[in-house]
Every structure is written in C-alpha cells, then in structure tokens.
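Here is how the chains run, residue by residue.
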Amino acid sequence: MLLTVVQHAYRESGLRSVYMTGPDAWLIILSRCCRMFSYGACSLILALFFSEIQVTDSQIGLFMTLTLAGDVLLSLCLTLVADHVGRRRTMFAGSILMITSGCVFALSENYWVLLLAAIVGVISATGGDFGPFRAIEESMLSELTDPTTRADVLVWYVTTASLGSSVGTEVAGQLIEWLRSKSGWRLVDAYHACFLVYSVMGGVNLIFSQLLSSKCELKASAKTKSPENEPLLGSPDEGQITEPPKPKRSRFAQISAETRAVMYAMWLLLAVDSLADGMVPMSLTTYYIDQKFHLPKSSLGNILSTSYLLSSLSTIFSGPLARYIGLVNTMVFTHIPSSTAVLLFPLAQTVPLTFALLLLRVGLNNMDQAPRAALIAAIVKPEERTAVLGITGMVRTLASTTGPTVTGFLAGSNRFWIAFVVAGALRLAYDVGLFAIFINIKLYKHERLEEQDNGTAVDGGERREQDEEATQEQQS
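Reading the values: rules and limits
The written sequence of each chain sets the order in which its residues are numbered from 1. Selection of residues for local features in this predicted model requires a pLDDT of at least 70, selection of side-chain atom pairs for listing and counting requires 80 or more, and totals for whole chains, interfaces and linings are taken over all residues. Note: side-chain values were computed over all heavy atoms of the structure, leaving out hydrogens and water. Only protein chains enter the accessibility calculation, which uses a 1.4 Å probe; a residue is then buried when its area is under 20% of its type maximum, exposed when over 50%, and partly exposed in between. Working definition: helices are DSSP H or I runs of at least four residues, strands are E runs of at least two. Numbering for both runs from the N terminus. Contacts were defined at the residue level, with two residues in contact if any of their heavy atoms lie within 4.5 Å. Think of a salt bridge as a Lys or Arg side-chain nitrogen and an Asp or Glu carboxyl oxygen that are within 4 Å of each other. To count toward a patch, a residue needs a relative accessible area over 30% and no salt bridge; like charges are then connected within 9 Å, while nonpolar side chains (Val, Leu, Ile, Met, Phe, Trp, Tyr) are connected within 5 Å. To be clear on the numbers: accessible area is Shrake-Rupley with a 1.4 Å probe, and residue cover counts the displayed protein chains and nothing else. Definition of nonpolar core: a set of buried residues of the types Ala, Val, Leu, Ile, Met, Phe, Trp, Tyr and Cys, connected through side-chain atoms within 4.5 Å. The criterion for an aromatic pair is that two Phe, Tyr or Trp rings (for Trp, the six-membered ring) have centres within 6.5 Å, with stacked assigned to planes under 30 degrees apart, edge-to-face to planes over 60 apart and tilted to the rest. Polar contacts, as counted here, are pairs of nitrogen or oxygen atoms within 3.5 Å of one another; within protein the pair requires one atom able to donate a hydrogen and one able to accept it, and residues that are adjacent in sequence qualify only if both atoms are side-chain atoms. Only the contacting stretch of a helix is used when fitting its axis, a line to C-alpha atoms as for every element, and angles between N-to-C directions run 0 to 180 degrees. Should an angle fall under 35 degrees it is taken as roughly parallel, and over 145 as roughly antiparallel, whereas 65 to 115 is taken as roughly perpendicular and any remaining angle as oblique. Residues were grouped as follows: Ala, Val, Leu, Ile, Met, Phe, Trp, Tyr, Cys and Pro as nonpolar; Asp, Glu, Lys and Arg as charged; and all remaining residues, including Gly, as polar.

Novice: Describe helix 14 (residues 318–325), listing the residues and the values that go with them.
Specialist: Restricting attention to buried positions, one finds in helix 14 the residues S318, G319, P320 and A322. Tucked inside the fold, the buried residues of helix 14 contact helix 1 (2–12), helix 8 (150–180), helix 13 (297–315), helix 15 (327–344) and helix 17 (369–379). Once helix 14 finishes, G326 follows within two positions and takes phi at roughly 100 degrees, a positive value.

Spelled out as structure tokens, the structure:
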C-alpha cells in the first residue's frame, strides 16, 4: 500500500518525467535555480541599495525602465541567433555578461556607471528572469521532452526557480544584517557584498552551460524542415534541377503565418500582464514595504523568502492540475487570486495583513508559468519555438519597461498605492482575456509521437486524448 502511494506521488508530482528526461534537463533546472538565487537577492536589495546611495525615487524607476529596455534588445539579439550559433554558446555569452554586471555593482556607486552595466549586461532589475536565458532554456527543455512529459518538467523548472529565489532573499537579508554587525561595515558595503555573490552565481551558470550535451541544440531535421531548404525535385545527386536559393529571411519572417495569427493574441495579453508586473515588481514592492513599515532588512528577507518558498511548493501542483483541468484553466484560475491580492495590497495597514496578501500574490503567481510555456510549445512548430519564446520574452520585457518609471513618479509624489490598484486591474483583465480566447484552442497538432507497439506515428493531440481516456478507465 505504501509503495503504491509513493509510486503514485512520484508519477503525479512530475519527478518521474524529470528523471526520464535525463541529465541535460537536470542541469538546466539546477542552473536556473542558482541564477534565481542571485535574482532573489537582487529583488530584496536593488531599490534599497539605490536609496542608500541617495538616488531619488524617480531615478530608481528610470533605472529599472532602461535596464528592462536593455534586456529587450539583448534578449532579442541572443535568442534569435541562438539556433544558428548554438544554444550553449549563447548561454555562455549571457553568463559572461551576468558576471560582468555583478562585478560592476560590487565595485561602483556611480549611478551612470551602474546604469550602463545594467543596460549592456545582465542584471535583474525586478527580481524576475527577464534576461536571455529563460527563452533558450525553455526551448531546450521543449526539445528534450514530448507532450506527455513537457508540462511536468517545466513545472519543476519553475518550482526550483522559486525555491532559489526564496533561499536567495533569505541569505541576502541575513548576510546584510550580519555584515552590518561587523566593525567597519556600512550598509552600502553589505549591499556590494551581495552583488559579488551575484557574480559568483553567474560563474556557476557559465559552468552548467558548458556541461550540457548536443541534445539541447536544435535538431538537424528541424533546421532543414522549411520548404526553401528542400530540393525542387529530389536531391542534386540524382541530377535534378534545384530551385534557386531564396534571399535569407529574418527569424521573425520564418515563423509561419498560422503561428503568428495565434501568437499575436497571446503577445497582446502577455503585454498587459507584464505592464502590470512592471509597475509593482518585487524590488519595488520590497521598497514600498520598507517605506511603509521600516522593517529590519532581515525581516524583509524572511517575508520574501517565505513567499517564494510557498510559491515553489504551490508550483509543484500546477503540473498535475494542468493534466486534470487543462493548461488554460490552470493558468487562469491560479492567477486570479494572485491578481486580486495585488489589487488589495495598499489596503493593508498592518504587517501581518500585508504579509498575508504578499503570500497570496507570490505564492500563486508562478503557477501559470509552466502551463504557459507548455501551451506555447504545444501550439507552435518545434523549429519555431526558440524564436517564438524569445519574442515572447521580448514582448513581456518591453511591456514592463514603462511600469517602473510610472511607479517611480507615483512614489515620488506619495501616490505609490495607485500602482498596485492599476496593476491588479490589468492582471485581472489579462486573466479574463486569456480564458476567453484560448480555452478551446487545439494543442499538439504539430507534434507526432511514435507508438512503441507498432512504430506508427500519431498526432500529439490524439495521443494525449488517448492517454487521458486510458487514465479515466483505470480510475473507474
């Protein structure tokens, strides 16, 4: 009986899918966990660091806006060429930029030098993963998985990221208080030490990127799948005349019209959601709590760490939930309570109530991430995933760029609370729009799975429906 329960939990939790996917998936998941450790620390200290070196609220907002704008350009450039120059090489380049930015923040207090390092390099201005890594990693995981395991693997990719953020905020808060207790350490020196740890995590990310195998790269069959790469009548070796080579098109143009028609609606909705997230990122939320209650930095770290820990635990259930109620339903009905918490956040006048709303917001916020990545992978062609996911990340980052500047001006005029109200309303609009547009969309129509029994190929969506029917029969 106990063994049956353990086996059921092992399968339903998605750990079986992660194990079967192999070491490359483990390295990608571990790499993001370490990176989110540094991003979590950044979300706690970035706005506080600028406040400590006498940077105004409007300048803090402008810094985050310009940093996100730099992330848009960097992410677009790297993700659109990743499949040509190599995904692992692109990850290596991004890690170098992350190390460089961390070192600059660890050594400098000049606003313009820091701004240049953030725009050109990789620094998490909001605590989120807006750099070039995520789109490439999700594309690699989609390459390594099939429709039956993809959602589970992406769930653990998100879960361990939240766990990394949780540990990062806790360690940063405790490290700052410990260093401040040491003789000769100023608060700003403790912040510099945290940015040095950020650089170290960039080095860890670099090492993991070099340990990945060639399985993470785009398969040769996908690269040559487009019609312009095929002979007109057979192969040249047979004496056939081939079609003259066509001018090389941009990566965006290589995304099929069918995929673009679907993704335009998705990109518009994600832009609305990202604008809301950009107005109240975790770094500015921490700053808001610090201004309102003046808590010790270790207490702030404890609050954020607990919120991220709850997020990592709740995300585990998004995979099984998506299997039973569907990807879109999971995205919508886990995101609505989180959006409501953002809307009501300014009403809290006590630390416990503020903490409760933050737990609700952060705890459920990431449950839509893995289903969203799985949804996009299920509706686009395999050879288009890296470009589509890269453009998706670019749209999200671009939409979020104006948010911090708006919030910075609101904070400077003692109207910080308005940002949370507007952000909550925008998030709820995203939830309703997502449900209305995508609830009946057909999934997995571009993927074919090999039947193990007779070697015949079946449509991915058809195979998924067969698996669901078999599961229902077993339960009955």
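Moving on from the model shown.
Novice: Which residues make up the pattern of salt bridges, and what are the values?
Specialist: The tally for this structure, following the rule as stated, stands at 10 salt bridges. For R35, the salt bridge is made with E137, and the minimal N-O distance between the two is 2.8 Å. Of this pair, R35 sits in helix 3 (residues 23–52) while E137 is found in helix 7 (residues 133–144), placing the two residues 102 residues apart along the sequence. Assessed through its relative accessible area of 0%, R35 is described here as buried. Here R88 ties to E217 by a salt bridge, and the two come within 2.9 Å at their closest N and O atoms. Placement of the pair is R88 in helix 5 (residues 87–107) and E217 in the loop between helix 9 (187–211) and helix 10 (220–223), with a sequence separation of 129 residues. Among the residues examined, R88 registers a relative accessible area of 25% and is labelled partly exposed. One salt-bridge network, held together by shared partners, links E109, R186 and D189.

Novice: I'd like to hear about a nonpolar patch on the surface, residue by residue, with values.
Specialist: On the surface, Y10, L15, Y19, M20 and W26 cluster together into a nonpolar patch covering about 530 Å² of accessible area. Element by element, the count of residues in the nonpolar patch is highest for helix 2 (residues 15–21), at three residues. Tracing the backbone shows W26 in helix 3. According to the relative accessible area criterion, W26 is partly exposed, its value standing at 38%.

Novice: So what's going on with the nonpolar core? Which residues, and what values?
Specialist: If you look at the biggest cluster of nonpolar residues, it comprises 127 residues, and the most contacted ones within it are F49, F50, F63 and F105. The biggest single contributor to this core is helix 3, with 17 residues.

Novice: Talk me through the packing of aromatic side chains; I want residue IDs and the actual numbers.
Specialist: Inspection of the entire model under this criterion finds 19 aromatic pairs. For the ring pair Y39 and Y198, a centre distance of 6.1 Å and an interplane angle of 25 degrees mean the geometry is stacked. Highlighted residues: Y39 in helix 3 and Y198 in helix 9, separated in sequence by 159 residues. Classification of Y198 by relative accessible area gives buried; the value is 2%. Look at F50 and F63: their rings are 4.5 Å apart centre to centre, the planes differ by 55 degrees, and that puts the pair in the tilted class. A residue pair is termed long-range when its members are at least 10 positions apart, and F50 in helix 3 and F63 in helix 4 (residues 57–85) qualify at 13 residues. Across the pair, F63 and F50 agree in class, each one buried. Grouped by ring-pair contacts, the aromatic residues F49, F50, F63, F105, Y111, W112, Y191 and F195 constitute a single cluster.

Novice: Describe the side chain of S312, naming the residues involved and giving the relevant values.
Specialist: Among the structural elements, S312 can be located in helix 13. S312 gets classed as buried once you look at its relative accessible area, which sits at 4%. Polar contacts involving the side chain of S312 include one to the main-chain carbonyl oxygen of L309, which spans 2.6 Å. What S312 contacts, discounting residues up to four positions off in sequence, is T159, S162 and L163.

Novice: Could you give an account of the packing of helix 8 against helix 13, with specific residues and numbers?
Specialist: For the pair helix 8 and helix 13, interaxial distance at closest approach is 8 Å and the crossing angle is 170 degrees. With respect to each other, helix 8 and helix 13 are oriented roughly antiparallel. Considered class by class, the residues forming the contact of helix 8 with helix 13 number seven nonpolar, 14 polar and three charged.

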